[in-house]
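Structural characterization, general
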Amino acid sequence: MKKLLLAGMLGTSLFAVSCSSVKNAQTSQNQKSDFLKIKGDWEIVSIDYDKGFKIKPFDEGADAQCFVGSHWRLIPNNYTGSYTLNGGGSCPSVMQPIKFEVKGGNTFMFKKIAEGTKAKQNTVGYSLNMINQSTDQFSLEQNVPFDGSTVRVVYNFQRTGMK
């Protein structure tokens, strides 16, 4: 009788584990699907923030408005990409390779990759919240700490090609 009870408990726990694995696989598949939605070419069409602050995103030394019109290429199958600032006026011309990932379906993390280095050698990066995602647009929200409070910066992207 004890063997039968033990076998029943073992079977129940294996069933629970297998259901959990199926649920985890479905969650992982849904996240992968959301992740692949950002594949392609994108342009920052606007940046929303309190204009009383001077924002210089991603340590480029350029004003936030220099990022409006910038081109971003995101290739999720190998987690690589780049962004390009067009330059002109007081804005620099920049082409920056990046390594990125989306965690939990809504956290966009990336780090800049310097020429001649590997991504794993760079431990510094940026974490932004992905909001308002659709097939042809999404926004990234960055909360920047400043003087004991937080400045909210929202980068609004529009698809320009390659779905």
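Below is a summary of the structure that appears in this document. Just so you know, these numbers come straight off a predicted model, no measurement behind them.

1. What to know about the sheet that holds strand 6 (residues 126–131)
One closed barrel holds the 8 strands; their spatial order is 1-2-3-4-5-6-7-8, and the pairing between them is antiparallel. Neighbour-to-neighbour, the strand axes of this sheet turn through a mean angle of 35 degrees, independent of strand direction. Both strand 5 (residues 107–112) and strand 6 contribute to a ladder of 4 bridges, which runs antiparallel. Across the sheet, the residue bridging to Met109 is Ser127, located in strand 6.

2. Remarks on the environment of Lys112
Along the chain, Lys112 falls in strand 5. Assessed through its relative accessible area of 17%, Lys112 is described here as buried. Through-space distance from the C-alpha of Lys112 to that of Pro97 is 6.0 Å; in sequence the pair is 15 residues apart. When near neighbours in sequence (up to four residues on either side) are disregarded, Lys112 contacts Phe58, Asp59, Glu60, Tyr83, Gln96, Pro97, Ile98, Asn122 and Tyr126. Within the local environment of Lys112, its side chain forms a polar contact with the backbone oxygen of Phe58, the two atoms lying 2.8 Å apart. Within the local environment of Lys112, its side chain forms a polar contact with the side chain of Glu60, the two groups lying 3.3 Å apart.

3. Observations concerning the side chain of Glu141
As for its position among the elements, Glu141 is in strand 7 (residues 137–146). Of the polar contacts made by the side chain of Glu141, one reaches the side chain of Arg152; its length is 2.4 Å. Each residue touching Glu141, except ones within four places of it in the same chain, is listed here: Leu128, Asn129, Ile131, Arg152, Val153 and Val154.

4. Section: the state of the cysteines
Under the criterion given, the structure shown has 1 disulfide. Bridging Cys66 to Cys91, the disulfide has an S-S length of 2.0 Å. One disulfide, between Cys66 and Cys91, carries an S-S torsion of -80 degrees and so falls in the left-handed class. Of the two residues, Cys66 is situated in the loop between strand 1 (40–48) and strand 2 (71–75) and Cys91 in strand 4 (residues 91–103); the sequence distance between them amounts to 25 residues. The partly exposed category is assigned to Cys91, whose relative accessible area is 21%.

5. Quick word on the pairing of strand 2
Across the two faces of strand 2 the burial differs, with Trp72 and Leu74 buried and His71, Arg73 and Ile75 not buried at all. The pairing of strand 1 with strand 2 spans 4 bridges and is antiparallel. Paired with Trp42 across the bridge in strand 2 is Trp72. Here strand 2 pairs with strand 3 (residues 80–88) via 5 bridges, running antiparallel. Residue Ile75 lies in a different strand from strand 3, and its bridge partner there is Thr80.

6. Remarks on the environment of Ser127
With respect to the element layout, Ser127 can be found in strand 6. In this structure, the C-alpha to C-alpha distance between Ser127 and Phe110, residues 17 residues apart in sequence, is 6.7 Å. Beyond its immediate chain neighbours, meaning those up to four positions away, Ser127 contacts Thr107, Phe108 and Met109.

7. Topic: unusual backbone geometry
Here the phi dihedral of Phe58 falls at roughly 55 degrees; this positive angle occurs in a residue that is not glycine. Here Tyr79, not a glycine, exhibits a phi torsion of approximately 60 degrees, which is positive. Among the structural elements, Tyr79 can be located in the loop between strand 2 and strand 3.

What counts, and at which threshold
- Residues numbered from 1 in each chain as written.
- Predicted model: local features only at pLDDT ≥ 70, side-chain atom pairs only at ≥ 80, totals over all residues.
- Heavy atoms only, no water.
- Pairing = 2+ DSSP bridges.
- Helix = DSSP H or I, 4+ residues; strand = E, 2+ residues; numbered from the N terminus.
- Axes fitted to C-alpha atoms, helices over the stretch in contact; angles between N-to-C directions.
- Buried < 20%, exposed > 50% of the residue type's maximum accessible area, 1.4 Å probe, protein only.
- Contact = heavy atoms within 4.5 Å.
- Polar contact = N/O pair within 3.5 Å; in protein donor to acceptor, adjacent residues only side chain to side chain.
- Disulfide = S-S within 2.5 Å.

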